[in-house]
Amino acid sequence: MRVIIEPNYDAMSRWAANYVAKRIREFNPTPDKQFKLGCPTGSSPLGLYRELIKMYQAGEISFQNVVTFNMDEYVNLPEEHPESYHSFMWTNFFSHIDIKKENVHILNGNAADLEKECADYERSIEEAGGINLFMGGVGPDGHLAFNEPGSSLSSKTRIKTLTTDTIIANSRFFDGNLQLVPKQALTVGIGTVMAAEEVLLVCSGHHKARALQHIIDGSVSHKWTASMLQMHPKCIVVCDENACDELTVGTYKYYLDKERGNL
């Protein structure tokens, strides 16, 4: 695991965006060799998306030959609802870049057969040749996508019933009304993310400090599902100073020294 510590959210977002853009450019995607990018939602990746949009507008990167697979979507929330993840992605990212609509894949939470939708989604990733780079954020309880505490660490795309903590946390997007928050979601599994060639996790803020401590300093546990990334052969965690509040001094200094080239 590689850990990048930046002073604040904006610097973290710039580092992450520069890395994603670098990987896409190095891959040099074409219509016959497309780059597959896994995409998260939530507040954590917003800065990353803004930076990628700036790079596109400056002519530094193109998404013409990039195929995306999103992590999750609510169940029984219309796609056009402002809080659906379809709306989130088009509002905050896709509508500002040159990605082709047919190259965007987001789970359909309104499918007639949700189990089939999940199986088909997993199959689509496999048929695309797997994901080259899966971006992700992390919840305060260490969950990745909607793989909340207790989820199987080998799980694949499936239906998940959301915990009370997640419903309360997400109620801020629904005028604070718990009754309006969907109680289920479709989500890729930890096994789905682990199958990606590379994973880039962004983590910012003091409220994520306990999660980051478990991800980096703790043991692999289904109670902190993102801790499974310790087992990934190519994972980068990009965080800000505030998210490091619970790390041991030794761990914090180790990763700073490593990126400075002292180790």
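In this text, all values refer to a predicted model and were calculated from it rather than measured experimentally.

(A) A look at helix 3 (residues 85-92). Buried residues of helix 3: Tyr85, His86, Ser87, Phe88 and Met89, and no others. On its buried face, helix 3 is in contact with strand 2 (35-39), helix 2 (46-57), strand 3 (66-70), strand 4 (72-74) and helix 5 (164-170).

(B) Expanded view of the sheet that holds strand 7 (residues 158-161). The strand order across the open sheet built from three strands is 4-8-7, with neighbouring strands paired in antiparallel fashion. Two strands bound the open sheet, and with one partner strand each, they are strand 4 and strand 7. Across the sheet, the mean angle from the axis of one strand to that of its neighbour is 25°, orientation sign disregarded. Across four bridges, strand 7 lies against strand 8 (residues 184-187) in antiparallel orientation. Bridging across to strand 8, Ile159 finds its partner in Leu186. In the packing of helix 4 (residues 114-127) onto the sheet, the strands contacted are strand 7 and strand 8, and the crossing angle to strand 7 comes to about 125°.

(C) Fine view of the pattern of salt bridges. Using the criterion set out here, one finds nine salt bridges in the structure. Between Arg23 and Glu198 there is a salt bridge; the shortest N-O distance is 2.7 Å. Of this pair, Arg23 sits in helix 1 (residues 9-27) while Glu198 sits in the loop between helix 6 (190-194) and strand 9 (199-203); the two residues are 175 residues apart in sequence, bridging distant segments of the chain. Here Arg23 matches Glu198 in class, with each residue buried. When the shortest N-O distance is used, the salt bridge between Lys116 and Asp120 registers 2.7 Å. Of the two residues, Lys116 and Asp120 are both situated in helix 4; the distance of four residues between them amounts to about one turn of the helix.

(D) A look at the sheet that holds strand 6 (residues 133-136). Taken in spatial order, the seven strands make up an open sheet running 1-10-9-6-2-3-5, and their pairing is parallel. Looking at the sheet topology across the chains shown, the edges are occupied by strand 1 (2-6) and strand 5 (104-105). Where strand 2 meets strand 6, two bridges bridge the pair, whose relative direction is parallel. Bridge pairing in strand 6 places Leu37 opposite Leu133.

Cut-offs used in this document
- Residues numbered from 1 in each chain as written.
- Predicted model: local features only at pLDDT ≥ 70, side-chain atom pairs only at ≥ 80, totals over all residues.
- Heavy atoms only, no water.
- Buried < 20%, exposed > 50% of the residue type's maximum accessible area, 1.4 Å probe, protein only.
- Helix = DSSP H or I, 4+ residues; strand = E, 2+ residues; numbered from the N terminus.
- Contact = heavy atoms within 4.5 Å.
- Pairing = 2+ DSSP bridges.
- Axes fitted to C-alpha atoms, helices over the stretch in contact; angles between N-to-C directions.
- Salt bridge = Lys/Arg side-chain N within 4 Å of Asp/Glu carboxyl O.

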